[in-house]
Amino acid sequence: MMHRTVERLHVTPGIAGVLCLVLLLAYQTPVQAQPNFDPSSIGSPPPAAPQDAEAIPKAAQDMPQPSDDSGKTPDRAEQPAENLLDNEPYPEVPPYTYETEPSSSIIPDTLTMTLSVGSGVEFDFRKAWYTSEAQIFTGMYEGLFTYNPVNMRPIMGVISKYELSSDKKQWTFTIRENARYSNGEPVRAEDFRTSWLSLLAIPDAPYSSLFDIIEGAEDFRTGKLTDANRVGIQVQEGKLIVTLTSPAAFLPSMLCHHSFGVVHPDTRAMLDSGSFDPQRFISNGPFIMSEADEQHITFEKNPLYWDAVNVKLKKIVIKFIDDADEATALWNSGQARWIAGNMNLDTLTDRVGIQLNPMFGTHYYFIRSDEAPWNDYRVRKALTLALPWNEIRENYMLPAKTLILPLQGYPEIEGMAKTDIDAALKLLAEAGYPKGVGLPELVIKIGDYSDAKRLAEIMATAWLEKLGVPVRIKTVSSYNYSDTLKEHDYQVGYMSWIGDFADPYTFLLLFRQGSNLNEAGYSDPDYENLIQKSMTEEGAARMSTLAKAEEMLLDRGIVLPIYYTPALNIVDTDELEGWYPNMLDIHPFKYLKFAMLKPLPGVAFAPKK
């Protein structure tokens, strides 16, 4: 998912030092992900101490085991421990000052938060690609699987069970009998089919290439196939049948992504017409949209949601605020109890709510490779070898030498950190451009904020002075920078990308030749072969192949990693339960609830009148 760059994060040196220490301590252990797991364990809770029971509502814990096409339940005991889905204990619920299941009218049931959205919000999940929108969608939509709020692993959402064929290519999903839209109509398998096909029919749908692992999907979205009945998304006897081009153990994790959601036919028709009316918006998620404009959105609890009994908040107000001082003032006054996005830590009066953790995200520059001479990997490699990497990455909390944040079970690779001017000049000479002679002007496109300008100037100076490459820096508005990447009027651009699910493939997909997220225009048979090879592998073998693919992106000068993205929120997790720091920085609204502050000895709270 595209990450909106936070431009107005004001931090004093003292606060910055504390935050760096906290984040670096958290980063000592590689981020926990589920690189390969037994799909039969999805929805099965880990062994947990009694105090951990509130981490996931009971309705999400008591899931049936899926079966293969023989009708037999897979045996968990036969699977390696590292392949089980939820085999890690949940964090302990904060004790001492708050009760976890209070029954009192003094407990708040309305959450107000701020969210930075820049140029606006896209409410159509088929067209959205920002993390801020992904957070909003956790209230509006629910797909086949949803995110575990602690570790982002998949748990069953709108389905009651699924079956996996013996060749692991066909998945059969059964929709819950009590799954309803907010207007009372049942959620049907056919609704998923039409929603997915409609997304594939949108030319600029940002995540349509995620569907390419489904049989016929790539040909359908690119116009090579016009018969939707030949796409591996079918309905039989009320069940959704998905047929893949090859086995993909990570499919449940990918299905958590909002692009695999479902939209009611009437709402889809409204969105397709270009109109938008929150009062007419029919959803199947835990909340209903009651108000929406450029300044805010209001959610009300959906009483017809299948798991409504475990949704504790009755109302959520999301204020769209990009001004850091304004957002911070709402926290200081107590009006907002969660600040996501721009904030001013210098003026924060109550710092108990500072939540800082590493994300599965990377800020990187890339070199477009779809035009000569930049399609010669020797030229691109020379550019990377000429850069002063220590200077480029200084002052970042988590400097990145690799594209993918180190994950548990993912091989460690050398990364990009070497500066070698002699080797760079030799590569240019081999490519036919001795000392840069003959190379055309290289354009670096950036957004209009200070750090982007700093990095662009360092790159431009190194390439001109060390290699003789003429460089021009082109600056555009930060608010619509990501949209301008589709305009191929540059050779070097940047992205801040957060993984759509906890697997390296979510980053490597960006550079597949058929991906509509491939802004670098990268097309390399060697890379494609590695990715395709990984689709037929599992466990350590698959991770090793994916690591080789990442090494290729770095060695052939496609990706220039700068830093891993830290997630910064202001929320008191003693006050707001169900909010956990996690690697995707997505916090499903369904699980949030306020705790009740215990009164001091001799003091009693008076109930609301």
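Within each chain, residue numbers correspond to sequence positions counted from 1 in written order. In keeping with the model being predicted, local features are shown solely for residues with a pLDDT of at least 70 and side-chain atom pairs are shown and tallied solely at 80 or more, while totals for entire chains, interfaces and linings include all residues. Neither water nor hydrogens contribute to the side-chain values; these are computed over all heavy atoms in the structure.

Visitor: Which residues make up the overall build of the chain, and what values do they have?
Guide: Each helix is a run of DSSP H or I of at least 4 residues and each strand a run of E of at least 2, with the numbering of both proceeding from the N terminus. For the chain, the count of helices and strands is 16 helices and 21 strands. Throughout this description, buried means an accessible area under 20% of the type-specific maximum (1.4 Å probe, protein chains only), exposed means over 50%, and partly exposed covers the range between. Counting only residues that meet the buried cut, the chain has 57% of its 609 residues in that class. Throughout, a residue-residue contact means that at least one pair of heavy atoms, one from each residue, lies within 4.5 Å. Partitioning the intrachain contacts of the chain with sequence separation of at least 6 by distance along the chain shows that 74% fall at a separation of at least 24. A total accessible area of about 24,300 Å² is found for the chain, and carbon and sulfur atoms account for 51% of it. We get accessible surface area from the Shrake-Rupley algorithm with a probe of 1.4 Å; when it comes to residues, only the shown protein chains can shield them.

Visitor: Can you break down the environment of Arg180 residue by residue, with the values?
Guide: Looking at the secondary structure, you find Arg180 in the loop between strand 7 (170-175) and helix 4 (189-200). For Arg180 and Ser283, which are 103 residues apart along the polypeptide, the C-alpha to C-alpha distance reads 8.8 Å. Excluding its chain neighbours within four sequence positions, the residues that come into contact with Arg180 are Glu185, Pro186, Val187, Asn284 and Leu304. The term polar contact refers here to a pair of N or O atoms within 3.5 Å; inside protein, the definition further demands a hydrogen-donor-capable atom paired with an acceptor-capable atom, and it admits residues adjacent in sequence only when both atoms are side-chain atoms. Separated by 2.9 Å, the side chain of Arg180 and the backbone oxygen of Glu177 make a polar contact.

Visitor: Describe unusual backbone geometry, naming the residues involved and giving the relevant values.
Guide: Going from Ala372 to Pro373, the amide bond is cis rather than trans, its omega being 0°. Within the element layout of this structure, Pro373 appears in the loop between strand 14 (354-367) and helix 9 (377-385). In the Ramachandran plot, Lys168 falls in the positive-phi region, its phi being about 60° despite a non-glycine side chain. Relative to the elements of secondary structure, Lys168 occurs in the loop between strand 6 (159-164) and strand 7. A relative accessible area of 38% means that Lys168 is categorised as partly exposed.

Visitor: Outline the packing of aromatic side chains, supporting the account with residue identities and numerical values.
Guide: Stacked, tilted and edge-to-face pairs are distinguished by plane angle, under 30 degrees for stacked and over 60 for edge-to-face with tilted covering the rest, among Phe, Tyr and Trp rings (Trp via its six-membered ring) whose centres lie within 6.5 Å. All chains considered together, the criterion is met by 32 aromatic pairs. Summarising the aromatic geometry, the rings of Tyr365 and Tyr494 are spaced 5.4 Å apart at their centres and angled 50° between planes, so their arrangement reads as tilted. In this pair, Tyr365 sits in strand 14 while Tyr494 sits in strand 17 (residues 492-498), placing the two residues 129 residues apart along the sequence. No difference in accessibility class separates Tyr365 from Tyr494, as the two residues are buried. Three or more aromatic residues link up through ring pairs in this structure, and these residues are Phe123, Phe125, Phe137, Tyr141, Phe276 and Phe281. The ring of Trp306 has Arg176 sitting right over it, with the charged end atom 3.6 Å from the ring centre. Only lysine NZ and arginine CZ atoms are considered, and such an atom sits over a ring when it is within 6 Å of the ring centre and within 35 degrees of the ring normal. The ring of Trp331 is capped by Arg337, whose NZ or CZ atom sits 4.1 Å from the centre of that ring.

Visitor: Tell me about the pairing of strand 12 (residues 315-320), and please be specific about residues and values.
Guide: Note: two strands are recorded as paired if DSSP finds a minimum of 2 bridges between them. The pairing of strand 3 (residues 110-115) with strand 12 spans six bridges and is parallel. Each bridged residue has a counterpart across the sheet, and for Thr112 the counterpart in strand 12 is Val317. Sheet topology note: the strand 11 (residues 296-301)/strand 12 ladder contains five bridges and is antiparallel. Bridged to Glu300 within strand 12 is Lys315.

Visitor: Tell me about the packing of helix 15 (residues 525-535) against helix 16 (residues 539-555), and name the residues and values.
Guide: The N-to-C vectors of helix 15 and helix 16 enclose an angle of 160°; their axes lie 8 Å apart at closest approach. When the axis of helix 15 is compared with that of helix 16, the two are roughly antiparallel. Along this stretch, helix 15 crosses helix 16, giving a crossing that reads as left-handed. Only Arg542, Thr545, Leu546, Lys548, Ala549, Met552 and Leu553 of helix 16 make contact with helix 15, whose side of the interface consists of Asp526, Tyr527, Leu530, Ile531, Lys533 and Ser534. Amino acids are sorted into nonpolar (Ala, Val, Leu, Ile, Met, Phe, Trp, Tyr, Cys and Pro), charged (Asp, Glu, Lys and Arg) and polar (every other residue, Gly among them). Of the residues belonging to the contact of helix 15 with helix 16, the class tally is seven nonpolar, two polar and four charged. Axis lines are fitted through C-alpha atoms, for helices just across the contact stretch, and the angle between N-to-C directions can take any value from 0 to 180 degrees. For classification purposes, an angle smaller than 35 degrees is called roughly parallel, one larger than 145 roughly antiparallel, one from 65 to 115 roughly perpendicular, and anything else oblique. Each crossing gets its handedness from the near helix: less than a right angle anticlockwise from the far helix is left-handed, clockwise is right-handed.

Visitor: Help me get a handle on a negative patch on the surface, residues and values and all.
Guide: Only residues whose relative accessible area exceeds 30% and that form no salt bridge are eligible for patches; like-charged ones are grouped when within 9 Å, while nonpolar side chains (Val, Leu, Ile, Met, Phe, Trp, Tyr) are grouped when within 5 Å. The rule for a salt bridge is simple: a side-chain nitrogen of Lys or Arg has to be within 4 Å of a carboxyl oxygen of Asp or Glu. The sign given to each residue is positive for Lys and Arg and negative for Asp and Glu; His and the chain ends receive no count. Throughout, a charge is located at the NZ atom of Lys, the CZ atom of Arg, the CG atom of Asp or the CD atom of Glu. A surface patch of negative charge is lined by Glu291, Asp293, Glu294 and Glu300. Following the sequence through the fold, Glu300 ends up in strand 11.

Visitor: Tell me about the confidence of the model for the chain, and name the residues and values.
Guide: In predicted models, pLDDT denotes the confidence assigned by the predictor to each residue on a 0 to 100 scale. Chain-level pLDDT for the chain is 84 on average; 81% of the residues reach the 70-or-more range. Low confidence marks residues 5-18, where pLDDT is under 50. Its contacts with residues over four positions away, or in another chain, come to 28 contacts. Confidence drops under pLDDT 50 across residues 32-104; counting only partners more than four residues distant or on other chains, this segment forms 156 contacts.

Visitor: Hey, could you go over empty space enclosed by the protein for me, with residue numbers and the actual values?
Guide: Of the grid points, spaced at 1 Å and generated over the protein atoms alone, those admitting a 1.4 Å probe that cannot get out make up cavities, while open sets with protein on both sides within 12 Å along at least five of seven lines make up pockets; any residue with an atom within 4 Å of a point is treated as lining. Grid points are joined across faces, edges and corners, and a volume is the space filled by probe spheres set on the points. As enumerated under the stated definition, the model contains four cavities of 30 Å³ or more in all. By volume, the largest cavity is sized at about 280 Å³. Lining the largest cavity are 21 residues, and of these Phe137, Thr138, Tyr141, Thr146 and Cys256 sit closest to its centre. Taken together, the elements giving at least two residues each to the lining of the largest cavity come down to helix 3 (131-140) and strand 4 (145-147).

Visitor: Run through the pattern of salt bridges, naming residues and quoting values.
Guide: Under the defined criterion, the tally for this structure stands at 23 salt bridges. For Asp503, the salt bridge identified is with Arg542, shortest N-O distance 2.9 Å. In this pair, Asp503 is assigned in the loop between strand 17 and helix 14 (505-508) and Arg542 in helix 16, connecting sequence segments 39 residues apart. Among the ionic pairs, Glu537 bridges to Lys533, the shortest N-O distance being 2.8 Å. What makes Lys533 partly exposed here is its relative accessible area of 41%. Each of Asp124, Arg126 and Asp272 takes part in one network of salt bridges that share partners.

Visitor: I'd love a proper account of the environment of Leu403, names of residues and values included.
Guide: Within the secondary structure, Leu403 sits in the loop between helix 10 (389-393) and helix 11 (421-430). Along the primary structure Leu403 and Val559 are separated by 156 residues, whereas in three dimensions their C-alpha atoms are 7.2 Å apart. Setting aside its immediate chain neighbours within four residues, Leu403 contacts Thr362, Tyr364, Phe507, Phe511, Glu550, Leu553, Val559, Pro561 and Tyr564.

Visitor: Give a detailed account of the nonpolar core, specifying residues and quantitative values.
Guide: Throughout this description, the term nonpolar core refers to a set of buried Ala, Val, Leu, Ile, Met, Phe, Trp, Tyr and Cys residues connected via side-chain atoms within 4.5 Å. Ranked by internal contacts, the top residues of the largest apolar core, which has 135 residues, are Leu144, Phe173, Trp196, Ile213, Tyr365, Trp463 and Phe511. If one sorts the elements of this core by residue count, helix 12 (residues 450-467) sits on top with nine residues. With near-sequence residues (within four places) excluded, Phe511 lies in contact with Tyr364, Leu403, Asn518, Ala520, Tyr522, Tyr527, Glu528, Leu553, Ile558 and Val559. Core analysis: the second largest hydrophobic core is formed by 37 residues, Val263, Leu271, Phe299 and Phe320 among them.

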